[in-house]
Amino acid sequence: MFAYIVRRVLYAIPILIGVNLITFALFFVVNTPDDMARMQLGIKRVTPEAIQKWKAERGYDKPLFINAQASGTDKLTQTIFYTKSISMFAFEFGRADDGRDIANEIRTRMGPSLAIALPTFVLSLFVTISFALLLVLFRATYLDFWGVVVCVAMMSISSLFYIIGGQFLVAKLWNLVPISGYSGGLDAPRFLVLPVIVGVIGGIGAGTRWYRTIFLEEINRDYVRTARAKGLSEVRVMFGHVLKNAMIPILTGVVVVIPTLFLGSLITESFFGIPGLGSYTIDAINSQDFAVVRAMVFIGSVLYIVGLILTDISYTLVDPRVRLQ
Amino acid sequence: MTSLFEATELSAQIAGAHGTVRAVDRVSLAIERGETFALLGESGCGKSMTALAIMRLLPDGGSLAGGSVRLEGEELTSMTEAQLRDLRGGRVAMIFQEPATSLNPVLTVGRQLGESLAQHRGLRGEAARTTAVALLAAVGIPDAARRLDDYPFQLSGGMKQRVMIAMALAGEPELLIADEPTTALDVTIQAQVLDLLADVQRARGMGMLLITHDLGVVARMANRVGVMYAGHIVETGSRAAFFAAPLHPYSRKLFAALPKAALRGQRLETIPGSVPRLDQDFRGCRFADRCPRAWDRCHGEVPTWHVPAQGQAVRCHLYDPAQAAPAPAVLAAVPEQKPGNADAPADLLVVDDLRVHFPVRRGLLQRAVAHVRAVDGVSLRVHAGRTLALVGESGCGKTTVGKAILHLIASTGGTVMLAGEPVSANEPSRLAAMRRAIQMVFQDPFGSLNPRMRIGEIIEEGMLALNVEADGAKRAWIVEQLLQRVGLDGSMAARYPHEFSGGQRQRIAIARALAVNPKLIICDEPTSALDVSVQAQILNLLRGLQHEFGLSYLFITHNIAVVDYLAHDVAVMYLGRIVEQGPADDVLRDPRHPYTRTLLAAVPGIDGEFHGAAAAGNEMPSPLAPPPGCHFHPRCSQASDECRRSYPEALALGAGRVVRCHLYR
């Protein structure tokens, strides 16, 4: 297993280089360093000198990929791509283009992101799996049929509708919680409760349907018939036999998401005004802050790879047939 | 005194998309203590549904539709679900066909056994563990205490079925329902499991309802037999009476469709048409449309039970004492000449020292640390116009040989010569020529045809790929001819595979192989997924094609009866090597290698006489670590020290026979 993990970590290096390269290329297809400087400095008092100064201070005065004027290895190293990328692999993200320290921002914004993402994730999982089990226990009845209809309807509705609808109903009409905003400490739950509930409701349709399919597939297997032929009750068949086998496909989808919970949600955070990493990324994209965008994409990739490795490890916990080599 | 078990007029139906199907229709049977009642029938006849109806475990949409089921006089059909749960796995236990999927893959053997013990005997903890070990030991699992913590995937197929039996015995049942308990197992393992079932039945005085499609298994195990067709029982009788003289025309057809040596060179009997749909009300005999002896009455009046002889009952108008049936049409098989025997056979395919080794990769750099010698020095000759059967149990490497000959997998060493020309994967032109000359028909007709292609396209594809026929209209004509030749309608080319039955699909697969005019067809278990009556059709077709086109077959199979009927030569394979080969008659009548003898002895014959239990007590070792010396020595009763040391050289016994065994040095 150790050898397997080492190999997977080694595989991650080319993946991360590739992700970094693509982010870099895409960003500079639509932007030039001059655009970035104008954006940051503001349109009014921009002079060519100011732009040059801004670029020199932040290291954007070099060529993008190949420095034709330099010699030897400097041809490649004296470029924006190289100088900006190499520190990334040591997890040193440096300063944002507006001058603030990125690592520090990430540390402070991680809390609010997790405060929303973690409860949403856990509650969603619990609610959707419970609903799915319910539908499967009542399979081929009207409850199952209408349950699926409701699920399809719910997954067809845009998540924006749930957010705006929730804000309008709960916050504006009933005045139960603030529409948006965030504060730390004991005051936080007041701000968190609405985005979490909206997040859970928005995921019910797709989640329930997905888990229902998994359970239905398992419940028609031969070993389930064997369990019933032993005289076990339907509930024991469900929880003792089906659930454990169904965990295998469920884990594929679930474990991989866990590390990326740190990144928060782009849409939820910006709509509810939560100062998390999701809204940080959105703001950076809007202000063309390359340092932040690149750092967030990089961290996202790392966390995703970690999620995939965790998924493989979790298989060994639920499926005795899997041995990592 | 009441019977142990009695089902009277039991009916079950299943609601489907196309109306309600009466899968079990007024089935009556009785089983005494210590007796085995075999329910015999082909797939889809309702025999498994009968078992599930008794257990009230019908699939979704299924329900009882009348009748009564009594265990020691106690009515089961009116029991509540809670009472039924006490019954299931307790007084009535069940084992299933496929041990690989019938055990929960993520729970240990001990846990699964423990569930039954807790449910029905209230045993938990140490007491449960002790009992579980005793049960596993009782079903012949060595080192039972350690096996308790194993997961099903760590056990072989035969061991899994033993675990299933132990689980069934855990509730101390009075009636055991065994649904095709050995169908998924190799014949030597089948023999062991049948022995075990007979032993535990005798020791406990259980009644047993044995569901099977295999006449050999019935002959071996049953006290009484019921033949099931289209949802109801058409004939019952004692084993002796049934095998001496089956009464119902359907039963007789089943016997006649069995391939055997005595029928060599003759057409096997087949049953025309297909099983009627069960969503209708029958006004006549269900078998009438396919019955060679049916007359008006059979179509207009449902037959009742007649008892023409002591202990035998049949549901057929032929046996109505009040009315004499018309004289039977003469159905004597017309003997045909044996194909390909006239000329001195030339070698079409010569395989010399073929090796296929699969690397086992481990560690950080995925280096090959060992090799699985799936095929380890196999030499074969297929004569023009003749059939060579490659026989062996699952895992012996016989399918790999077929694929390696076609270069569907890369061989590690050895040569393949086709009509005197060497075939090498390095020369694309030669490879294409070889693929034109050798085609393959696969085991599973449901998996081997692309479900998204029309069957015309499937048949045509080979011609296109190998540039056999460039003209589209000509190709369409060939496709039509081929479909007709394999017994289908030429207009079916536009249909998709799912519209066909298993037997029809295998015909399509054969037509596909024929499309490029091959000289040799490698048939990989082409009939093992089919019912006996359908198997007979396919074997007839293959034999007819050989006769007509002078085809050669390399027939890969585990079914000795098919070999006996069809093959001219036989090669017996064990753990990657050929242990014995020669003309079919010689090898099968006078086997020399102990493995061949074991294999032949394990086949249950329908003559009712069993040739003694298979001597090989163990199962086939892993090809990853074959035993040193002769691979067979751990299972061989005649093994000597020499056998443990060295693998025997090939020894020619004359008349084309070769055996690899130290006994004959």
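If you're wondering where the values come from, they're calculated on a predicted model, not measured in any experiment.

How each quantity is defined
Counting from 1, residues in each chain are numbered in the order their sequence is written. As a convention, the first chain written is A and the first ligand written is 1, with the rest following in written order. Residue-level local features of this predicted model are given only where pLDDT is at least 70; pairs of side-chain atoms are given and counted only at 80 or more, and the full residue set underlies all totals for whole chains, interfaces and linings. The side-chain figures draw on all heavy atoms in the structure; neither hydrogens nor water molecules are used. Strands here are runs of E lasting at least two residues and helices are runs of H or I lasting at least four, both read from the DSSP assignment and numbered beginning at the N terminus. Throughout, a residue-residue contact means that at least one pair of heavy atoms, one from each residue, lies within 4.5 Å. Surface exposure here means Shrake-Rupley accessible area, sampled with a 1.4 Å probe, where a residue is shielded only by the protein chains that are shown. Residue ranges assigned to each domain were obtained from an automatic or database domain assignment. Defined in terms of a 1.4 Å probe, buried area is the accessible area two parts forfeit on being brought together, summed over both. Salt bridges are counted wherever a side-chain nitrogen of Lys or Arg sits within 4 Å of a carboxyl oxygen of Asp or Glu. In short, DSSP must find at least two bridges between two strands for them to pair. Under this definition, polar contacts are N or O atom pairs within 3.5 Å; protein pairs additionally need one hydrogen-donor-capable and one acceptor-capable atom, and for neighbouring residues in sequence, both atoms have to be side-chain atoms. Note on ring pairs: Phe, Tyr and Trp rings are taken, using the six-membered ring of Trp, and paired if centres are within 6.5 Å. Classes follow the plane angle, with under 30 degrees stacked, over 60 edge-to-face and the rest tilted. Here the term buried applies to any residue with accessible area under 20% of the maximum for its type, exposed to any over 50%, and partly exposed to those in between, with areas from a 1.4 Å probe on protein chains only. To estimate how far a helix should reach, multiply one less than its number of residues by 1.5 Å. Note on bend: the value at a residue is the angle between axes fitted to the seven residues ending there and to the seven starting there.

Peer 1: Can you tell me about the overall build of chain A, naming the residues and giving the values?
Peer 2: Across its full length, chain A holds 14 helices and zero strands. N-terminal to C-terminal, the α/β element order of chain A is α-α-α-α-α-α-α-α-α-α-α-α-α-α. Viewed in the frame of its principal axes, chain A has a C-alpha envelope of about 80 × 60 × 35 Å. When contacts within chain A are restricted to residue pairs at least 6 apart in sequence, those whose partners lie at least 24 apart make up 68%. Counting only carbon and sulfur atoms, one obtains 69% of the accessible surface of chain A, whose full area is about 16800 Å².

Peer 1: Can you lay out the domain arrangement of chain A for me, pointing to particular residues and giving the numbers?
Peer 2: Residue and element names in this part refer to chain A. Partitioning chain A into domains gives domain 1 (2-90) and domain 2 (102-318). Each of domain 1 and domain 2 has a C-alpha centre, and these two points are 34 Å apart. Contact with domain 1, which involves 23 residues of that partner, is made by 18 residues of domain 2. Summing both partners gives a buried area of about 1800 Å² for domain 1 against domain 2, and 72% of it is carried by carbon and sulfur. One can count one salt bridge joining domain 1 with domain 2. With a closest N to O distance of 2.4 Å, D312 and R8 form a salt bridge.

Peer 1: Before we move on, can you summarise the pairing of strand 17 (residues 413-418) of chain B with the specific residues and values?
Peer 2: Relative to strand 17 of chain B, strand 14 (residues 347-362) of chain B runs antiparallel, the two sharing five bridges. Looking at strand 17 of chain B, one finds that B:R355 is bridged to B:G413.

Peer 1: Got a sec to walk through the pattern of salt bridges? Specific residues and values, please.
Peer 2: Residues and elements named next belong to chain B. Per the counting criterion, the structure on display carries 58 salt bridges over all chains. For E301, the salt bridge goes to R297, with nearest N and O atoms at 3.0 Å. Between R644 and D641 there is a salt bridge, with its nearest N and O atoms 3.0 Å apart. One end of the pair is R644 and the other is D641, both in helix 22 (residues 641-645) and three residues apart, which spans about a single turn.

Peer 1: Summarise the interface of chain B and chain A; cite the residues concerned and give the values.
Peer 2: Chain B puts 32 residues into the contact, and the matching count from chain A is 25 residues. Carbon and sulfur atoms supply 56% of the area that chain B and chain A bury against each other, a total of about 2500 Å² over both sides. Counting across the chain B and chain A interface gives two salt bridges. Salt-bridge contacts for B:E115 lead to A:K230; the nearest nitrogen and oxygen are separated by 2.8 Å. Summed over the shared surface of chain B and chain A, the result is 14 residue pairs in polar contact (both at pLDDT 80 or more). Mapped by element, the contributors of at least two residues to the side of chain B that touches chain A are helix 1 (47-55), helix 3 (99-102), helix 4 (109-121), helix 7 (157-170) and strand 14 of chain B. When residues in the side of chain B that touches chain A are grouped by element, the largest group, six residues, is from helix 4 of chain B.

Peer 1: Can you explain the packing of aromatic side chains? Please cite residues and give values.
Peer 2: Residue and element names in this part refer to chain B. This structure, assessed with the given rule, holds 22 aromatic pairs over all chains. When the ring of Y574 is compared with that of F632, the centres are 5.1 Å apart and the planes differ by 90 degrees; the resulting orientation is edge-to-face. In this pair, Y574 is assigned in strand 22 (residues 569-574) and F632 in the loop between helix 21 (594-602) and helix 22, connecting sequence segments 58 residues apart. Overall, the relative accessible area of 2% leaves F632 in the buried class. When the ring of Y595 is compared with that of F632, the centres are 5.2 Å apart and the planes differ by 65 degrees; the resulting orientation is edge-to-face. Of this pair, Y595 sits in helix 21 while F632 sits in the loop between helix 21 and helix 22; the two residues are 37 residues apart in sequence, bridging distant segments of the chain. There is no split in this pair, since Y595 and F632 are both buried.

Peer 1: Which residues make up helix 16 (residues 472-485) of chain B, and what values go with them?
Peer 2: The terminal C-alpha atoms of helix 16 of chain B, which comprises 14 residues, lie 20 Å apart, in line with the 20 Å expected from a rise of 1.5 Å per residue. Positive backbone phi, approximately 90 degrees, marks B:G487, located one or two places after helix 16 of chain B.

Peer 1: Would you mind going over the environment of A:T268 in detail, with residue names and values included?
Peer 2: All names here are of chain A. Tracing the sequence through the fold places T268 in helix 12 (residues 266-271). In this structure the C-alpha to C-alpha distance between T268 and V196, which are 72 residues apart in sequence, comes to 9.2 Å. Those residues in contact with T268, other than ones at most four positions away along the chain, are I163 and P195.

Peer 1: Could you give me a rundown of the side chain of B:T400, with the residues and numbers involved?
Peer 2: Residue and element names in this part refer to chain B. As for its placement among the helices and strands, T400 is situated in helix 13 (residues 398-405). For T400, a relative accessible area of 14% translates into the label buried. Ignoring anything within four residues of it in the chain, the contact list for T400 reads V356, F358, A374, V375 and I409.

Peer 1: Break down helix 11 (residues 234-254) of chain A for me, citing the residues and quoting the values.
Peer 2: Taking 1.5 Å of rise per residue, 21 residues should cover 30 Å, yet helix 11 of chain A covers just 26 Å from first to last C-alpha, more than 12% shy of that figure. When the local axis directions of helix 11 of chain A are compared, the greatest deviation, roughly 40 degrees, occurs at A:V242. When we look at burial in helix 11 of chain A, the residues that qualify are A:V237, A:M238, A:G240, A:H241, A:V242, A:N245, A:A246, A:I248, A:I250, A:L251 and A:V254. Lining the buried residues of helix 11 of chain A we find helix 6 (102-137), helix 9 (188-219), helix 10 (222-229) and helix 14 (290-318) of chain A together with helix 4 of chain B.

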